[in-house]
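Read off the chains here:
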Amino acid sequence: MQFPESWLREFCNPALSTTELAETLTMAGLEVEELKSVAPPFSHIVVGEIKEAAQHPNADRLRVCQVDVGQPELLTIVCGAPNARVGIKVPCAMVGAELPPGEDGQPFLIKVGKLRGVESFGMLCSARELKLSEDHGGLLELAADAAVGQSIRDHLLLDDTLFTLKLTPNLAHCLSVYGIAREVSALTGAPLKTPAFPKAICAVNEVLPVKVGALDLCGRFSGRIIRGVNPKAATPAWMVDRLARCGQRSVTALVDISNYVMFELGRPSHIFDLDKIHGGLDVRWGRAGESLKLLNGNTVTVDAQVGVIADAQQVESLAGIMGGDATAVSDDTANIYVEAAFWWPKAIAGRSRRFNFSTDAGHRFERGVDPELTVEHIERITQLVLDICGTPSTVCGPIDDQQVAMPQPAKVVLRVARAARVLGMPLTQAQCVKALTGLGLPVTEGDGVIEVTAPSYRFDLRIEEDLIEEVARMIGFHNLPQTPPQAPITAKLRPENERSPFAVRRTLAALGYQETINFSFVDERWEHELAGNPKPIKLLNPIASQMNVMRSSLLGSLLQVLKFNQDRKAQRVRVFELGRVFLRDASVPSSDTTVQGFDQPMRVAGVAMGPVDAPEWGCKERPVDFYDVKGDLEALFAPVRLSFEPAEHPAMHPGRCARVLCAGSEVGFVGELHPKWRQSLDLVQAPVMFEVDLDAALGRPVPRFEAVPRFQAVERDIAVLVAESVSHNALMQAIWAAPCGGLLRDAVLFDIYRPKPQASDVHNVAPEKSMAIRLTLNAPDATLSEQQIEEAVAAVVATLSEKVAARQRV
């Protein structure tokens, strides 16, 4: 909400400076976001009138003007503006004047100059040269009644300040200059000037037939016919200036009048060309297939969820949002119909956003506009139409006012004791009554309670907390006491066997991954096909059609990030996300941190694609594979050891996917993207990805001291023949299960050999492979004897033979 300070002070003029007024509004909940001067500083620029304008003797595009600036003698000024002519009044910068800084940042000083041999004693200015607008097509023409010699700052009220307020949705009654003045009066005690609405004389008894067919759309509809207007009348300069300072450009006089009353009193209205209306008007909900060309040029299709104003042939307006082009006023308009209505906020909310635009009218109606003053505001519009667009033949009809479903005033009770408890400060009933009556709220006092009847313009007063807020606003938020917490404040220490989520982020970043943050809302197809979730949690009001369910996996979002980067020629992508997923689980109870029936665990997931390392001259480039990402997972969980089992996942390649196990429990999956998804996303390479539970990654064993071995370790290599199906994990589990008497310190697979099958064995022998393992043996209390070594190795070989059917190679 933007408005000039001078307009506000016409309704309420407290004895406060501009800065103090802004602070008062901010501390009352009407945050002043910006204070901006209407015009930059400049001096010695006055109203001048061109008395003579002769052609320059030495230049075709220059004119030599004689200008009256209220001094005994006329000033000779050379001017090149195309509209420089006798009789107009324009800003005149006299010698010694200082214009606003130009592009170089330096002020422009006016001196006596000579242009093509003719001396010039000043400068006639355009709006752009004074930094009032970007218009530089000619001189800024002033009103004919402007006083010659008067400072241009005084004439145009340039010593004014623009207030920009950032209003919360509950402050709909402050979406007008008068509404803000009402608040200022309540805050400062300064008198409020209430506008008068004199009734226009009705010379004809003509009423346009109007039918209100949707009571849940429109509660009150008022209108008046005015005949014989002049649509080509110029909008007065004072109105153009005020609209411009509210951020609204001037269109035509009739449109400007409607906009002016909206900014002044908060009442959006619409002016129809009466001769373009077929029959009467019907206020109703739209019908499937109906379309309307709006004033902004867009053509929209309505349905039963959108309110409209229609005539006998077609839809003419979007109710409470924007008028239609078919009945718009133009230069040929002679007769008009002025409409002001009360639209139910729920019937307007969100409708304009369906068509991807917003309007000042819709912004106000969806928050609530006073239903009681439609007639008075039509009288105000009528008064301005008669003053600006009136002709000797202009006549008005009576106001047709239909009150079909007026909102009932709400009665809200405030308990003084509760208000004091909520605000955390002592309050008396007299203080509360003073604050509420200052806002113009009718109150009824009881024993420790105050009953308030909400005025028609206050749609935000519905519960007790609303009244407590009003009391706090009137007291001033800066006057609320600052009470330190009484409870002792102690740091929440994390257990030593648990690390923070930040440590997980830092570890993944050290491994070359970059963190992403994505929406928890995803495409339903992802959930069905990528996450294997047949019943995803659907949103009641999704922000987009492709974001209509809650995610149960982080992989879909990461693949979208991967695709985004590949489309922008990123060769190497490694991204991760640490976030929450949403699952149905009937066993979850309702509590302060949970929702009944829904599990919301935290997970960490990552995706890698492209070269393993950045390009380097010393090594050959190779693409990232399953084992690279598996190694990253092991580094993330270190020193905890992970194990991996072949598995299947809807998003991963059937033969290149593994289940991640930590301490024997499943914590996630790792694998290559499924070929069908790679083809669907048009990826140049199959990415490798993982997703694991965050809680598993946070756990870590507490470090324990172990003495450095005093005796030298012994290494022994063994090679065993096993079936091709035996995995590295199964082999290692068998080795560590061997009864070595605590002598085995480490076991490492260092070679795999697949012997060529003999011709005679092709049909008789199952495929085998040779796996070579290096065993490290050590005793803490003595040097190992040869017998101990041989017994330990024999135990390992025996266990391998028992568990994986291994045979030692000789």
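Here, every reference points to the structure presented above.
Note that the structure is a prediction, hence the values are computed from the model and not measured.

Trainee: I'd like a description of the sheet that holds strand β24 (residues 411-415), backed by residues and values.
Mentor: The strands making up a sheet associate through hydrogen bonds between their backbones, and the pairing can be parallel or antiparallel. As summarised here, the arrangement of the 3 strands in space is β24-β26-β25, forming an open sheet in which the pairing is antiparallel. What marks the edges here is a single partner per strand, and that holds for β24 and β25 (443-445). For this sheet, the mean angle separating the axes of adjacent strands, direction not counted, is 25 degrees. Strand direction decides the pairing type here: β25 and strand β26 (residues 449-453), joined by 3 bridges, are antiparallel. In the sheet register, Glu445 faces β26, and the bridge partner there is Ile450. Helix α11 (residues 416-423) contacts β24 and β26 of the sheet and is inclined by roughly 70 degrees relative to β24.

Trainee: Just give me the short version of the packing of helix α12 (residues 429-438) against helix α13 (residues 464-475), but keep the residues and values in it.
Mentor: Remark: α12 packs on α13, axes separated minimally by 9 Å, with the N-to-C direction vectors making an angle of 90 degrees. As judged from the angle between their axes, α12 and α13 are roughly perpendicular. Contacts from Cys432, Ala435 and Leu436 of α12 reach α13 at Leu467, Glu470, Val471 and Met474. Tallied by class, the residues present in the contact of α12 with α13 amount to 6 nonpolar, no polar and 1 charged.

Trainee: Got a sec to walk through the nonpolar core? Specific residues and values, please.
Mentor: Core analysis: the biggest nonpolar cluster contains 48 residues, and Phe3, Leu25, Ile180, Ile336, Val385 and Cys389 have the highest contact counts within it. Among all residues touching Cys389, those that are not within four sequence positions of it are Val229, Asn230, Ala233, Ala253, Leu254, Ile257, Leu384 and Thr394. Membership of the second largest hydrophobic core comes to 36 residues, among which are Val283, Val306, Met322 and Ile348.

Trainee: Can you explain helix α21 (residues 786-804)? Please cite residues and give values.
Mentor: For α21, spanning 19 residues, the distance from its first C-alpha to its last is 27 Å, which sits close to the expected 27 Å at 1.5 Å a residue. Turning to α21, its buried residues are Ile789, Ala792, Val793, Ala795, Val796, Val797, Thr799, Leu800 and Val804. For α21, the elements touching its buried residues are β38 (714-723), α20 (728-736), β40 (768-777) and β41 (807-808). Following α21 by one or two positions, Ala805 has its phi on the positive side, about 60 degrees.

Trainee: Any details on the pattern of salt bridges? Residues and values, ideally.
Mentor: Throughout the structure, instances matching the rule amount to 43 salt bridges. Across the pair Arg85 and Glu141 runs a salt bridge, and its minimum N-O distance is 3.0 Å. With Arg85 in the loop between β5 (75-79) and β6 (89-99) and Glu141 in the loop between β10 (122-124) and α3 (152-155), this residue pair connects regions lying 56 residues apart in the sequence. Arg85 gets classed as partly exposed once you look at its relative accessible area, which sits at 38%. For Glu141, a relative accessible area of 38% corresponds to the partly exposed category. Counted as one network, the salt bridges with shared partners bring together Glu183, Arg458, Asp460, Glu470 and Arg473.

Trainee: For the sheet that holds strand β1 (residues 2-4), give the residues involved together with the corresponding values.
Mentor: If you trace the 3 strands from one edge of the open sheet to the other, you get β1-β11-β2, paired in antiparallel fashion. Because the sheet does not close on itself, it has two edges, and the strands there are β1 and β2 (31-37). On average, adjacent strands in this sheet sit at an angle of 25 degrees to one another, irrespective of strand direction. In the sheet, β1 pairs with strand β11 (residues 161-166) via 3 bridges, with the strands oriented antiparallel. Bridge pairing in β11 links Pro4 to Leu162.

Trainee: Account for the packing of aromatic side chains, naming residues and giving values.
Mentor: A full pass over the atoms with the stated rule returns 12 aromatic pairs. Pairing Phe342 with Trp344 gives two aromatic rings, centres 5.1 Å apart and planes at 70 degrees, and the pair type is edge-to-face. Since its relative accessible area comes to 0%, Phe342 is described here as buried. Geometrically, the ring pair formed by Phe355 and Phe357 is stacked, given 6.4 Å between the ring centres and 20 degrees between the ring planes. Note on accessibility: Phe355 and Phe357 belong to one class, buried. Sitting over the ring of Phe42, Arg153 keeps its end group 4.7 Å from the ring centre. Lying across the ring of Phe750, Arg774 places its NZ or CZ 4.7 Å from the centre.

Trainee: Describe the layout of surface pockets, listing the residues and the values that go with them.
Mentor: One number sums up the size of the largest pocket: a volume of about 1,100 Å³. Lys630, Ser643, Phe644, His728 and Asn729 are, among the 31 residues lining the largest pocket, the residues nearest its centre. Of all the elements in the fold, those that place two or more residues in the lining of the largest pocket are α17 (626-637), β34 (642-646), β35 (652-662), α20 and β39 (744-753). Each residue belonging to the lining of the largest pocket can be placed in one class, and the counts come to 17 nonpolar, 7 polar and 7 charged. As a volume, the second largest pocket reaches approximately 930 Å³. Considering the residues around the second largest pocket, the lining is formed by 31 residues, among which Leu156, Ala237, Val240, Asp241 and Arg245 are closest to the centre. Listing elements by their share of the lining of the second largest pocket, those giving two or more residues are β1, α1 (5-11), β2 and α5 (237-245).

Trainee: So, the state of the cysteines: which residues are in play, and what are the values?
Mentor: Scanning the model with the defined rule gives 0 disulfides in all. Cys174 supplies the cysteine sulfur nearest to Cys246, a cysteine that is in no disulfide, at a spacing of 15 Å.

Trainee: I'd like a rundown of unusual backbone geometry, residues and numbers included.
Mentor: Residue Pro639 is bonded to the preceding Ala638 through a cis peptide linkage, with omega at 10 degrees. Phi at Lys131 is positive, roughly 60 degrees, even though this residue is not glycine. Here Lys131 lies in the loop between β10 and α3. Positive phi, normally seen in glycine, also occurs at Asn356, with a value near 65 degrees. Within the element layout of this structure, Asn356 appears in the loop between α8 (351-354) and α9 (360-365).

Trainee: Could you give me a rundown of α5, with the residues and numbers involved?
Mentor: If you check which residues of α5 are buried, you get Met239, Arg242, Leu243 and Arg245. Buried residues of α5 fall within an arc of 165 degrees about the axis and therefore sit on the same side. Considering only its buried residues, α5 is in contact with β1, α1, β11, α6 (253-265) and α10 (374-389). Backbone geometry just downstream of α5 places Gly247 in the positive-phi region, at approximately 85 degrees.

Trainee: Describe in detail a nonpolar patch on the surface, supporting the description with residues and values.
Mentor: Judged by side-chain polarity, Val95, Val112 and Phe121 come together as a nonpolar surface patch covering roughly 220 Å² of accessible area. Inspection of the secondary structure puts Val112 in the loop between β7 (108-109) and β8 (113-115). Judged by relative accessible area, Val112 falls into the partly exposed class, the value being 43%.

Trainee: Describe the side chain of Arg220, and please don't skip the residues or the numbers.
Mentor: Along the chain, Arg220 turns up in strand β13 (residues 218-227). Of the polar contacts made by the side chain of Arg220, one reaches the side chain of Asp401; its length is 2.7 Å. In this structure Arg220 touches Ala341, Phe342, Pro371, Glu372, Leu373, Thr374, Val375, Asp401, Gln402, Gln403, Val404 and Met406, once residues within four positions along its chain are discounted.

Conventions adopted
Residues numbered from 1 in each chain as written. Predicted model: local features only at pLDDT ≥ 70, side-chain atom pairs only at ≥ 80, totals over all residues. Heavy atoms only, no water. Pairing = 2+ DSSP bridges. Helix = DSSP H or I, 4+ residues; strand = E, 2+ residues; numbered from the N terminus. Axes fitted to C-alpha atoms, helices over the stretch in contact; angles between N-to-C directions. Contact = heavy atoms within 4.5 Å. Parallel < 35°, antiparallel > 145°, perpendicular 65-115°, else oblique. Nonpolar A, V, L, I, M, F, W, Y, C, P; charged D, E, K, R; others polar. Core = buried A, V, L, I, M, F, W, Y, C linked by side-chain atoms within 4.5 Å. Buried < 20%, exposed > 50% of the residue type's maximum accessible area, 1.4 Å probe, protein only. Expected span 1.5 Å × (residues − 1). Salt bridge = Lys/Arg side-chain N within 4 Å of Asp/Glu carboxyl O. Phe/Tyr/Trp six-rings, centres within 6.5 Å; stacked < 30°, edge-to-face > 60°. Lys NZ or Arg CZ within 6 Å of the ring centre and 35° of its normal. 1 Å grid on protein atoms, 1.4 Å probe; cavity = no way out; pocket = protein on both sides within 12 Å on 5 of 7 lines; lining within 4 Å. Points joined across faces, edges and corners; volume = space filled by probe spheres on them. Disulfide = S-S within 2.5 Å. Arc of directions from axis to C-beta. Patch = residues over 30% accessible without salt bridge, like charges linked within 9 Å, V, L, I, M, F, W, Y side chains within 5 Å. Areas by Shrake-Rupley, 256 points an atom, 1.4 Å probe, with all protein chains shown as cover. Polar contact = N/O pair within 3.5 Å; in protein donor to acceptor, adjacent residues only side chain to side chain.

Bear in mind that shape data such as this cannot, by itself, settle questions of function.
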